[in-house]
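Okay, here's what each chain looks like letter by letter:
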Amino acid sequence: MVVIDQALCIGCGKCVKDCVSGVLHIDQGKAEVQGSCIQCGHCVAICPVKAAAIPEYDMEDVAEYEQSSFTLSPEHFLNAVKFRRSIRSYKKRQVERDVFQRLIEAGRYTATAVNTQSVSYVVVQEKLEEFKPYAWNGWLSFADALLPEQADMKSSIYKFYETYRKDPEQDRLFFNAPALLVIATNNSWDGGLAAQNIEMMAVAEGLGVLYNGFLVRAIKKNPEAVEWLGLSDKNICCCLLVGYPDVVYQRTAPRKPGNVIWK
């Protein structure tokens, strides 16, 4: 629950006006909480005198807004989006723990429906080789469950597996990425939004990312893989291969015109 320090509150009403749940009110010149809220933190962020707090959260984690820290121009951000590529060729270099922690921070601060903050992350790097057989077995199970009219896809998956079995460097499921980030939540929208912010943070860190939908299906098809990840009680919605790119792109890729309806 949000707590208002009555000694600090100046009764400006900014938190009341911005309250998503409508549980803040001004009473005798001070803000008060009347009812349960979703702990979105808007009141904490907007209060000019730091009177609002959420005690069960780490309030030391709250950062002060400084205009100088927002130096990313619209042009730079749009260029970053345009120049990002899905990476399938990685250097044999591990991703540092502190770098990964910053990626997770980008996910942690992503909006979630009604502020559930229920997204979980599993970083697989040190034990990636141990995990790969679980994922490959799941991908074969996925192939076996395909419909007869999807025989070509099934054949391709088995060919990929045979090639990998003979030469692990020819890995069409993990692409020899040094790390795997698995995102799980019962609300796939929350996971997808977090994944997008994580990817853009990865680009800023000089990393490359590949969204791997086949890997999601492979893991879900093998309960042992889900158990190994410790995600038996959650829905796996995104798998990101992460690493330092072993390829340099010289320009943006062409795209179709935007399909926009203006009214």
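All values derive from a computational prediction rather than experimental measurement.

Each value, and the rule that gives it
- Residues numbered from 1 in each chain as written.
- Predicted model: local features only at pLDDT ≥ 70, side-chain atom pairs only at ≥ 80, totals over all residues.
- Heavy atoms only, no water.
- Helix = DSSP H or I, 4+ residues; strand = E, 2+ residues; numbered from the N terminus.
- Expected span 1.5 Å × (residues − 1).
- Buried < 20%, exposed > 50% of the residue type's maximum accessible area, 1.4 Å probe, protein only.
- Arc of directions from axis to C-beta.
- Contact = heavy atoms within 4.5 Å.
- Pairing = 2+ DSSP bridges.
- Axes fitted to C-alpha atoms, helices over the stretch in contact; angles between N-to-C directions.
- Parallel < 35°, antiparallel > 145°, perpendicular 65-115°, else oblique.
- Nonpolar A, V, L, I, M, F, W, Y, C, P; charged D, E, K, R; others polar.
- Salt bridge = Lys/Arg side-chain N within 4 Å of Asp/Glu carboxyl O.

Quick look at helix α4 (residues 97–108)
Counting along an α-helix, one turn takes 3.6 residues, and residues three or four places apart therefore face a common direction. Its twelve residues place the ends of α4 16 Å apart at the C-alpha level, agreeing with the 16 Å of an ideal helix rising 1.5 Å per residue. Val 99, Phe 100, Leu 103, Ile 104, Ala 106 and Gly 107 are the residues of α4 that are buried. Angularly, the buried residues of α4 cover 150° about the axis, an arc narrow enough to put them on a single face. Structurally, α4 contributes buried residues whose contacts are with β5 (120–124), β6 (179–184), α7 (188–204) and β8 (236–243).

Considerations on the sheet that holds β5
Reading across from one edge, β5-β6-β8-β7 is the order of the four strands in this open sheet, with antiparallel pairing throughout. Only two strands of the sheet have a single neighbouring strand rather than two, namely β5 and β7 (208–211). Averaged over neighbouring strand pairs, the angle between their axes works out to 25° when direction is ignored. Bridging between β6 and β8 involves six bridges; their strand directions are antiparallel.

Side note on the packing of helix α5 (residues 128–144) against helix α8 (residues 213–220)
Two numbers describe how α5 lies on α8: the axes approach to 7 Å, and their chain directions differ by 90°. Between α5 and α8, the crossing angle belongs to the class labelled roughly perpendicular. Along its contact with α5, which presents Phe 131, Ala 135, Gly 138, Trp 139 and Phe 142, the element α8 presents Phe 214, Leu 215, Arg 217, Ala 218 and Ile 219. A per-class count over the contact of α5 with α8 returns eight nonpolar, one polar and one charged.

Some details on the pattern of salt bridges
Between side chains of opposite charge, a pair can form when the charged atoms approach closely. Applying the stated criterion to the full structure yields twelve salt bridges. Where Glu 162 meets Arg 165, a salt bridge forms, and the shortest distance between an N and an O atom there is 2.7 Å. You can see Glu 162 and its partner Arg 165 sitting in helix α6 (residues 151–166), three residues apart, about one turn around the helix. Residue Glu 162 is classed as partly exposed on the basis of its relative accessible area of 30%. One continuous salt-bridge network, built from bridges that share partners, spans Asp 61, Glu 105 and Arg 108.

Section: unusual backbone geometry
Even without being a glycine, Gln 117 presents a positive backbone phi close to 50°. Structurally, Gln 117 is set in the loop between α4 and β5. With a relative accessible area of 43%, Gln 117 lands in the partly exposed category. Of note in this structure, Asn 176 is not a glycine but carries a positive phi near 60°.

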